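# Observations on the model geometry
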Amino acid sequence: ANSMAALIAKQQPAIAAVLEAWKKDSTATKSALEKNASLKQIVLEETPWVNAAEAESVQKKELGVLFDLARMNSEAKATLEKLKKLQLPNGAFPWFSGGNANSYVTNYILTGLGRLITLKTLSKEVATLASNIIQPALAWLDADMEARYKQQQKSKQTFIWIPTVGELSYLHMRSYFIQDYPVKINAYKTWLQEAKKHWNKQNNYRAALTAQILFRN
C-alpha cells in the first residue's frame, strides 16, 4: 500500500500538492459541515450528519498520512530490513522465523518485489535494499527449480509435459527479473517452451499467467 501510494503521488502531482496544503492548514481536514460558521448555534452531536462529517475528517487525515512520502519511504525501508532478517543464509525464505527453506514462500516474496520494481515504486535507497534480498533468493530458487527439472528428466516415461501451477508461478516471477538477472538454467527454458506450447490446455487462471509470462519474454 505504501509503495502504491508513493507511485500515485509521483504520477499525480496535483494530489501531492493538495495533501501538502492540508499539512499547512490545520482546518483543511475538517469536513464542510464542521467548517460552516452558520451552524455554530447547532449542537453537531445532535444532528444526523455528524457521523458523516467526522468520518470525512478522519478520511482526509488518513489520506494525508498514507501519501506522506517521507513516512512511506521510512516504512518501506523498515519492512525490507525486517524481511532481510527473515531470509536464510542460503537466500531462501521460510514460512516463519527459524523454519526451513520454502520455495513457495520465496517465490511469493520475489513476485511481490518484482511487481514493485516493475512499477518503479521504490526509492533508490529502498531499491538497493531490495536487490540485496533478491539476488541470493533468486540464486537459491533457480537452483531449486533446476534440481526439480533434472529429477523430471530422469523419468523414463514418455508423456506430454504440461507445466504445473508451481512451475508457471516460478516462470511468472522470474519474468520480472529477465533484464537485471538473466536466467541460465535449463528448467526455465524448457518450461517456458512447454508453457507456450500448451497454454490452451490450461484453465483460465493458468492461461492468464502464461500470457503474462510470454508478454515479458
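The following refers to the structure shown. (Residues numbered from 1 in each chain as written. Predicted model: local features only at pLDDT ≥ 70, side-chain atom pairs only at ≥ 80, totals over all residues. Heavy atoms only, no water.)

Here the focus is the overall build of the protein. When you go through the protein residue by residue, the secondary structure sums to ten helices and zero strands. Going from the N terminus to the C terminus, the protein shows its helices and strands as α-α-α-α-α-α-α-α-α-α. The buried share among the 217 residues of the protein stands at 36%. Pairs at least 24 apart in sequence give 70% of the contacts found in the protein among residues at least 6 apart. Here the protein has roughly 13,800 Å² of accessible surface; of this, 57% comes from carbon and sulfur atoms. (Helix = DSSP H or I, 4+ residues; strand = E, 2+ residues; numbered from the N terminus. Buried < 20%, exposed > 50% of the residue type's maximum accessible area, 1.4 Å probe, protein only. Contact = heavy atoms within 4.5 Å. Areas by Shrake-Rupley, 256 points an atom, 1.4 Å probe, with all protein chains shown as cover.)

Next up on the list: helix H6 (residues 103-118). Across its 16 residues, H6 extends 22 Å between first and last C-alpha, which sits within 8% of the 22 Å expected from 1.5 Å per residue. The N-cap residue of H6 is Asn-102: its side-chain oxygen and the backbone nitrogen of Tyr-104 are 3.0 Å apart. A positive phi of about 60° marks Lys-120, the residue just after H6. (Expected span 1.5 Å × (residues − 1). Polar contact = N/O pair within 3.5 Å; in protein donor to acceptor, adjacent residues only side chain to side chain.)

According to the stated counting rule, one finds six aromatic pairs in the structure shown. Note on Tyr-170 and Trp-191: the rings are 6.2 Å apart at their centroids and 90° apart in plane angle, and the pair reads as edge-to-face. With Tyr-170 in helix H8 (residues 165-175) and Trp-191 in helix H9 (residues 186-197), the pair connects residues that are 21 residues apart, well separated along the chain. Assessed through its relative accessible area of 1%, Tyr-170 is described here as buried. A centroid spacing of 6.0 Å and a plane angle of 65° characterise the contact between Phe-177 and Tyr-181, whose relative ring orientation is edge-to-face. By relative accessible area, which is 3% here, Phe-177 ends up buried. An aromatic cluster of three or more residues is present, and its members are Tyr-149, Tyr-170, Tyr-188 and Trp-191. (Phe/Tyr/Trp six-rings, centres within 6.5 Å; stacked < 30°, edge-to-face > 60°.)

Relative orientation of the contacting elements H6 and helix H7 (residues 124-153) amounts to 130°, with a least axis distance of 10 Å. Taken as axis vectors, H6 and H7 run oblique relative to one another. The crossing of H6 and H7 is left-handed. Side by side, H6 and H7 meet where Ser-103, Thr-106, Asn-107, Leu-110, Leu-113 and Ile-117 of the first sit next to Ile-133, Ile-134, Ala-137, Leu-138, Trp-140, Leu-141, Asp-144, Met-145 and Arg-148 of the second. Classifying every residue of the contact of H6 with H7 gives ten nonpolar, three polar and two charged. (Axes fitted to C-alpha atoms, helices over the stretch in contact; angles between N-to-C directions. Parallel < 35°, antiparallel > 145°, perpendicular 65-115°, else oblique. Left-handed = near helix turned anticlockwise from the far one by under 90°. Nonpolar A, V, L, I, M, F, W, Y, C, P; charged D, E, K, R; others polar.)

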